[in-house]
Amino acid sequence: MANDNKKKNNTESEFAEFLRDNWLSIILGIVVFASIAFVFVYTFRQLKASNTDQSISIGDKYMQKGDFETAEKLYKNLQFDKEQGELAENRLVYLYTKWANSLMTEENQDEKVLEILEKLSEIDPDNLDALYAMASMSYDGGNTDEAIDYCNRIFALSPSEERTVQLYGNILVSMGKREEAKTFFAEQYDTLIHAGFGYF
């Protein structure tokens, strides 16, 4: 038992002596290890940021060329990135706006335009221009119920949005609801006068 205690004490003494003789080397080793870890993390973040910037830049180039689908995929990959998500969403809003505008001049593209505008509305639900375009296109396409739904979404955001007031009244008239339209226009009289619309 005494021998065991002696061995234990010797081991502890040797360890304490090792620490005393090599404390500087140990501290330097810790510092070096911490520095390597820091450099690794920093480099990883820089590479990630660089790749993100490249994806945004490449997406911009595809969008400018009119390859909206490829640009959309690149931006969507970054949509939930903590650092670049907001930038990617802003790019998607611009992309969908440009894409929809480019298709509006083509024939038989109404369904595709509505699909794109719906995507835009999902990202930017307060975008009155997108909602109005969807309401107007639905009305022109004969989908009055859908047009009314879009108008109601606009009124929830902006109760007296001038274009929508006029459109909604026209929709009611086209549905044969002339009295309801008169009542609606009477309620929105100030809005219509301000917008320069006629009143019947």
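As a convention, each chain's residues are numbered from 1 in the sequence order in which they are written. Only residues with pLDDT of at least 70 are given local features in this predicted model, and only at 80 or more are side-chain atom pairs given and counted; all residues enter the totals for whole chains, interfaces and linings. Side-chain numbers here rest on the full set of heavy atoms in the structure, without hydrogens or water.

Visitor: I tried to follow the side chain of Gln 188 on my own but got confused; where do I start?
Guide: Helix and strand assignments follow DSSP, with helices taken as H or I runs no shorter than four residues and strands as E runs no shorter than two, numbered in order from the N terminus. In this structure, Gln 188 sits in the loop between α8 (178-187) and α9 (189-195). Throughout, a residue-residue contact means that at least one pair of heavy atoms, one from each residue, lies within 4.5 Å. Residues in contact with Gln 188, not counting those within four places in the same chain, are Pro 159, Ser 160 and Val 165.

Visitor: Even after reading the chapter, I still don't get the confidence of the model for the chain, so can you show me in this structure?
Guide: Low pLDDT means the predicted coordinates in that region are not meant to be read closely. Per residue, pLDDT measures the predictor's confidence, with a range of 0 to 100. Of all residues in the chain, 66% have pLDDT values of 70 or greater, and the mean over the chain is 78. Ignoring residues within four places in sequence, the model shows residues 39-50, a span with pLDDT below 50, making one contact including any to other chains.

Visitor: I would appreciate a short explanation of the nonpolar core in the present structure.
Guide: Ranked by size, the top nonpolar core spans 39 residues in total, and within it Tyr 75, Leu 95, Tyr 96, Leu 117, Cys 151, Tyr 168 and Phe 184 carry the most contacts. For this core, the secondary structure elements donating two or more residues are α1 (2-65), α2 (68-78), α3 (85-104), α4 (110-123), α5 (128-140), α6 (144-157), α7 (162-174) and α8. If you tally residues by element for this core, the top one is α3, at eight residues. The definition of a nonpolar core used throughout is a set of buried Ala, Val, Leu, Ile, Met, Phe, Trp, Tyr and Cys residues joined through side-chain atoms within 4.5 Å. Exposed residues in this analysis have more than 50% of their type's maximum accessible area, buried residues have under 20%, and partly exposed residues fall in between, with area computed by a 1.4 Å probe over protein chains only.

Visitor: Mind showing me how you'd approach the packing of aromatic side chains here?
Guide: In this scheme Phe, Tyr and Trp rings, the latter by its six-membered ring, pair at centre separations within 6.5 Å, and the angle between planes marks the pair as stacked below 30 degrees, edge-to-face above 60, and tilted otherwise. The final tally for this structure, using the stated rule, is six aromatic pairs. Consider the rings of Phe 155 and Tyr 168, whose centres lie 5.6 Å apart with planes at 80°: the pair is edge-to-face. Taken together, the residues Phe 155 in helix α6 and Tyr 168 in helix α7 connect sequence positions 13 residues apart. For the pair shown, Phe 155 and Tyr 168 are each scored as buried. A ring has a charge above it when a Lys NZ or an Arg CZ is no more than 6 Å from the ring centre and no more than 35 degrees off the ring normal. Positioned above the aromatic ring of Tyr 132 is the side chain of Arg 163, whose terminal nitrogen or guanidinium carbon lies 4.5 Å from the ring centre.

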